[in-house]
Amino acid sequence: MNELAKKEVKVNEVLSQYDQVLVAFSGGIDSTLVLDSALKVLGHNKVTAVVANSELFTNEEFDKAVKLAKDLGANVKTVELNYLANDEIKHNTPASWYWMKKIFYQKLNELKAELNADVVLDGMIMDDNNDFRPGLRARDEEKAVSILQQADIYKKEVRKIAASRGLVNWNKVASCSVSSRFPYNTELTLKAIKRVMDSEAYLRGLGFLTVRVRVQDLVARIEVPVEQTVNLINQMQEINQRLKNFGFEYVTVDLQGFKSGRMNEVLSDNQKAALVG
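Residues numbered from 1 in each chain as written. Predicted model: local features only at pLDDT ≥ 70, side-chain atom pairs only at ≥ 80, totals over all residues. Heavy atoms only, no water.

Quick look at the side chain of N169
Phase 1 of the analysis: Mapped onto the secondary structure, N169 falls in the loop between helix 8 (155-165) and helix 9 (190-205).
Phase 2 of the analysis: Looking at N169, the relative accessible area reads 8%, which means it is buried. (Helix = DSSP H or I, 4+ residues; strand = E, 2+ residues; numbered from the N terminus. Buried < 20%, exposed > 50% of the residue type's maximum accessible area, 1.4 Å probe, protein only.)

Details of the nonpolar core
Phase 1 of the analysis: Core analysis: the biggest nonpolar cluster contains 43 residues, and L56, L203 and I222 have the highest contact counts within it.
Phase 2 of the analysis: Put simply, the parts of the chain that give this core at least two residues each are strand 1 (21-24), strand 3 (75-81), helix 5 (96-115), helix 6 (135-142), helix 9, strand 6 (212-216), strand 7 (219-223) and helix 11 (236-245).
Phase 3 of the analysis: In terms of residues, this core owes the most to one element, helix 5, which gives seven residues.
Phase 4 of the analysis: For I222, the residues in contact, after removing those within four places along its chain, are L203, V211, R212, L232, I239, L243, V251, T252, V253 and D254. (Core = buried A, V, L, I, M, F, W, Y, C linked by side-chain atoms within 4.5 Å. Contact = heavy atoms within 4.5 Å.)

Here we look at the environment of E238
Phase 1 of the analysis: For E238, the location among the structural elements is in helix 11.
Phase 2 of the analysis: Take E238: its relative accessible area is 42%, and that puts it in the partly exposed class.
Phase 3 of the analysis: When near neighbours in sequence (up to four residues on either side) are disregarded, E238 contacts Y202 and L206.

Here's the deal with the layout of surface pockets
Phase 1 of the analysis: Empty space within the second largest pocket amounts to approximately 650 Å³.
Phase 2 of the analysis: Along its surface, the second largest pocket is lined by 30 residues, and E61, K64, K172, V173 and R204 are the ones closest to its centre.
Phase 3 of the analysis: Residue assignment for the lining of the second largest pocket shows that the elements contributing at least two residues are helix 3 (59-72) and helix 9.
Phase 4 of the analysis: Considering every element that reaches the lining of the second largest pocket, the biggest residue donor is helix 3, with seven residues.
Phase 5 of the analysis: Here the residues of the lining of the second largest pocket sort into 13 nonpolar, seven polar and ten charged. (1 Å grid on protein atoms, 1.4 Å probe; cavity = no way out; pocket = protein on both sides within 12 Å on 5 of 7 lines; lining within 4 Å. Points joined across faces, edges and corners; volume = space filled by probe spheres on them. Nonpolar A, V, L, I, M, F, W, Y, C, P; charged D, E, K, R; others polar.)

With respect to the pattern of salt bridges
Phase 1 of the analysis: Tallied over the entire structure, the rule returns 22 salt bridges.
Phase 2 of the analysis: In this structure, E60 and K64 form a salt bridge, with 3.2 Å as the shortest nitrogen-oxygen distance. With E60 and K64 both in helix 3, this residue pair falls four residues apart, about one helical turn.
Phase 3 of the analysis: Owing to a relative accessible area of 37%, E60 belongs among the partly exposed residues under this scheme. (Salt bridge = Lys/Arg side-chain N within 4 Å of Asp/Glu carboxyl O.)

Structural data, given as structure tokens:
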């Protein structure tokens, strides 16, 4: 048995300890692998996928996640989360990442009690331990379980397992809360959030599947992978006009290209350590 197969066995062993489980399901490949594994080990009547909708994620992502969970055969519960009611999140403080996860896990724990489930499972993987992830502290406080981490599984392995199972989103581009497009300690408004969501949806429609529209006041800074920058610039007039129509005054291109977690570069190691806990 190869190393990856051993890790899959470990996931199954962890799952077999439970009777009824909730899976925090985003539609991303990590939580999809968790959901698919739970369904295979426990059966469809023992697994509920919980999909959250909120101001900070697109309706498109929500709808796709619900459809995918149903296509996999899971029972699906949806929840609405009003993240902007939390002052830390509304003002996009560095602690907002902790509070988003805290609110999410607390909501899932309420459902767990209602449905008499044993545990809340999430899609955290080993790569998450090497990044700035205050949500890990919220997970531990709320006693959610990351079965992929328990099996020592990394992103590249998630994609390999998912591809071997024929999961349709095995190479899906990762998404993230739209709050990551704004500098820390700036107020998030529904108008500003919509401006970003509309801009990114438009750019994805042009074929830039990995894209971020970072915001500084009314300046849009577009990030795409470096190899796609020339293609972006070749369409600059159309793109410039469309983003201005969405409400930006200036539109720029980040010559460093796309980089996940760019906003966290302003945080010191001490600040990160304090938030992760």
